[in-house]
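Structure assessment
Next come the chains, spelled out residue by residue.
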Amino acid sequence: MENSKNYHDEQNNLNTLKMREVVAALPPFCKQFFRGIQEYTSSRTRLAYAYDLRVFFEFLHSSNPALHEMEIKDFPLEVMDRITREDIEEYMEYITYYKKDGKEYSNNERGKKRKLSALKSFYNYFYCEERIKTNPAALVPLPKQHEKEIVRLDADEVAILLDQVEEGAKLSKSQLKYHNKTKLRDAALLTLLLGTGIRVSECVGLDLNDVDFKNNGIKIRRKGGYETVVYFGDEVADALHDYLEKRYHTIPMEGHEDALFLSLQNRRLSVRAVENLVKKYASTVTSLKKITPHKLRSTYGTALYKETGDIYLVADVLGHKDVNTTRKHYAAQEDARRRMAANAVQLREK
């Protein structure tokens, strides 16, 4: 339909508008950087860079006496050549914990790594363009990130979770009020996440015509903007069929006509709504594990790797550009398989 909006394009437009707002308060040379990286970065990445660079320039403005009297948007590019390795190390220490406008902010290893990565890209761009003579960001090593244990649902927990979605036995009275209206949608959505390992953003971006029951596939748009088809099994197909019988009788809000998954307000379901939905049901299954939609993705990846032993297949299905990303996530399973190999080959008959 003409007035129906493509979810991914709509998100890109929103990110672009937010980024322009942030960049307007940054030094004017920042615009050149964002134009320069536009071809190989997503709008979401550029927006994250803009927020991170804003923190850096605010730090310079507050901590550097020579820059304190100058508005941030008046900083000339030459400022970048005055920054030393020590300044950037002080910035890294600053972002561990700071206050702004009465609010407290903190960054763990992951947050600090992301902010320094943004700064490295920023410096590298102008250095390679020969607009600046120094690149102090290149001298500061990225923080070492300690790997967290991957949380996933066991096979019995997956079964209990899906039973809970269908029955709602452990939901509160207030939750049960809406359960009859949403259980078919919730069952289809969670079965799809658990049965394909797709990301939440990919899931909420699905349109009705992205589902192909002839081939049991869904067309999704991956991070980076490329489209691909992910295939699903009979359990997912059954859950989707059950939900779609109801979905086709629902009148969506204007602009949401094509959306596969709708909220109670008949709008396209948001990422936040799916996160809350998973949290609601998962809390009735396990109190020891903090289950998020991403943990459902890990659950699928683990099950697929256990069944196939093919790390390249897992990487492809999950949409990892680099198989090393997948290997890092499933290293424990790889180690277990290698241990099995120790007794798999018999050298002499006993």
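One can find the structure itself at the top, above this paragraph.
First, a word on what this report is: a plain description of the structure on this page. One numbering rule holds for all chains: residues counted from 1, following each sequence as written. In keeping with the predicted nature of the model, local features appear solely for residues at pLDDT of at least 70, side-chain atom pairs appear and are counted solely at 80 or more, and the whole-chain, interface and lining totals rest on all residues. Here the side-chain values reflect all heavy atoms present in the structure, with hydrogen atoms and water set aside.

Patch building starts from residues that exceed 30% relative accessible area and form no salt bridge, then joins like charges within 9 Å and nonpolar side chains (Val, Leu, Ile, Met, Phe, Trp, Tyr) within 5 Å. Reported accessibility uses the Shrake-Rupley method at a 1.4 Å probe radius. Residues are deemed covered only where the shown protein chains occlude them. Any Lys or Arg side-chain nitrogen located within 4 Å of an Asp or Glu carboxyl oxygen qualifies as a salt bridge. The charged-residue count follows a simple rule in which Lys and Arg add positive charge and Asp and Glu add negative charge, with His and chain termini not counted at all. Positions of charges follow a simple convention, taking NZ of Lys, CZ of Arg, CG of Asp or CD of Glu. On the surface, a cluster of negative charge is made up of Asp163, Glu166, Glu167, Asp234, Glu235, Asp238, Asp242 and Glu245. Put simply, DSSP marks the helices as runs of H or I at least four residues long and the strands as runs of E at least two long, and each gets a number from the N terminus on. Elements supplying a minimum of two residues to the negative patch: helix H8 (155–167) and helix H11 (234–247). Residue contributions to the negative patch peak at five residues, all from H11.

Turning our attention to a positive patch on the surface. Together, Arg44, Arg110, Lys113, Lys223, Lys321 and Lys328 line one region of the surface with positive charge. Within the element layout of this structure, Lys223 appears in the loop between strand S4 (217–221) and strand S5 (227–231).

Take the sheet that holds S5 next. Strand order in this open sheet of three strands is S3-S4-S5, and the pairing throughout is antiparallel. Two strands bound the open sheet, and with one partner strand each, they are strand S3 (211–212) and S5. Strands are treated as partners if at least two bridges between them are detected by DSSP. Pairing of S3 with S4, which is carried by two bridges, proceeds in the antiparallel orientation. By the bridge assignment, Val211 is partnered in S4 with Ile218.

Moving on, we come to the packing of helix H3 (residues 43–63) against helix H7 (residues 109–128). Between H3 and H7, the shortest axis-to-axis distance is 9 Å and the interhelical angle comes to 90°. Put simply, H3 runs roughly perpendicular to H7. On H7, the residues touching Ala48, Tyr49, Asp52, Leu53, Val55, Phe56 and Phe57 of H3 are Arg114, Lys115, Ala118, Leu119, Ser121 and Phe122. Polarity classes work like this: nonpolar for Ala, Val, Leu, Ile, Met, Phe, Trp, Tyr, Cys and Pro, charged for Asp, Glu, Lys and Arg, and polar for all others, with Gly in that last group. Among the residues forming the contact of H3 with H7, the class breakdown is nine nonpolar, one polar and three charged. Interaxial angles span 0 to 180 degrees and are taken between N-to-C directions of axes, which are lines fitted to C-alpha atoms, for helices over the stretch in contact. Our angle categories are set so that under 35 degrees counts as roughly parallel, over 145 as roughly antiparallel, 65 to 115 as roughly perpendicular, and the remainder as oblique. Working rule for contacts: check all heavy atoms of both residues, and any pair within 4.5 Å makes them a contact.

Mapped onto the secondary structure, Ser263 falls in the loop between H11 and helix H12 (271–282). Taking relative accessible area as the criterion, Ser263 reaches 14% and is therefore assigned buried. Spatially, the C-alpha atom of Ser263 lies 34 Å from that of Tyr330, the residues being 67 residues apart in sequence. Leave out the neighbours within four places in its chain, and Ser263 touches Arg185 and Leu269. In this scheme, a residue with accessible area under 20% of its type's maximum is buried, one over 50% is exposed, and one in between is partly exposed, where area comes from a 1.4 Å probe on protein chains only.

Of all five residues that make up S4, four are buried, and the element is covered over most of its length. What sits between S3 and S4 in their antiparallel hairpin is a turn of four residues, with Asn216 showing a positive phi close to 50°. Relative to S5, S4 is paired through five bridges, and the arrangement is antiparallel. In the sheet register, Ile220 faces S5, and the bridge partner there is Thr228. Between S4 and S5, which pair antiparallel in sequence order, lie five residues; one of them, Gly224, sits at a positive phi of approximately 100°.

This brings us to the packing of helix H6 (residues 85–94) against H7. Remark: H6 packs on H7, axes separated minimally by 10 Å, with the N-to-C direction vectors making an angle of 150°. Between H6 and H7, the angle falls in the class roughly antiparallel. As for how H6 packs across H7, the hand of that crossing is right-handed. Residues Ile88, Tyr91 and Met92 of H6 pack against Lys112, Lys115, Leu116, Leu119 and Tyr123 of H7. When grouped by side-chain class, the residues that make up the contact of H6 with H7 number six nonpolar, no polar and two charged. The hand of a helix crossing depends on one turn: near helix anticlockwise from the far one by less than a right angle means left-handed, and clockwise means right-handed.

On to the nonpolar core, then. Leu190, Ile198, Ile218, Phe261 and Leu296 are the most contacted members of the largest nonpolar core, which totals 44 residues. Listed by contribution, the elements that provide at least two residues to this core are H8, helix H9 (173–196), helix H10 (200–204), S4, H11 and H12. The greatest single-element share of this core, amounting to seven residues, is contributed by H9. Not counting residues up to four positions away in its chain, the partners in contact with Phe261 are Arg185, Ala188, Leu189, Leu192, Cys203, Leu240, Tyr243, Arg267, Arg268 and Leu269. Nonpolar core, defined: a set of buried Ala, Val, Leu, Ile, Met, Phe, Trp, Tyr and Cys residues in which side-chain atoms within 4.5 Å join the residues together. Residues Met80, Met92, Tyr123 and Phe126 belong to the second largest nonpolar core, which totals 40 residues.

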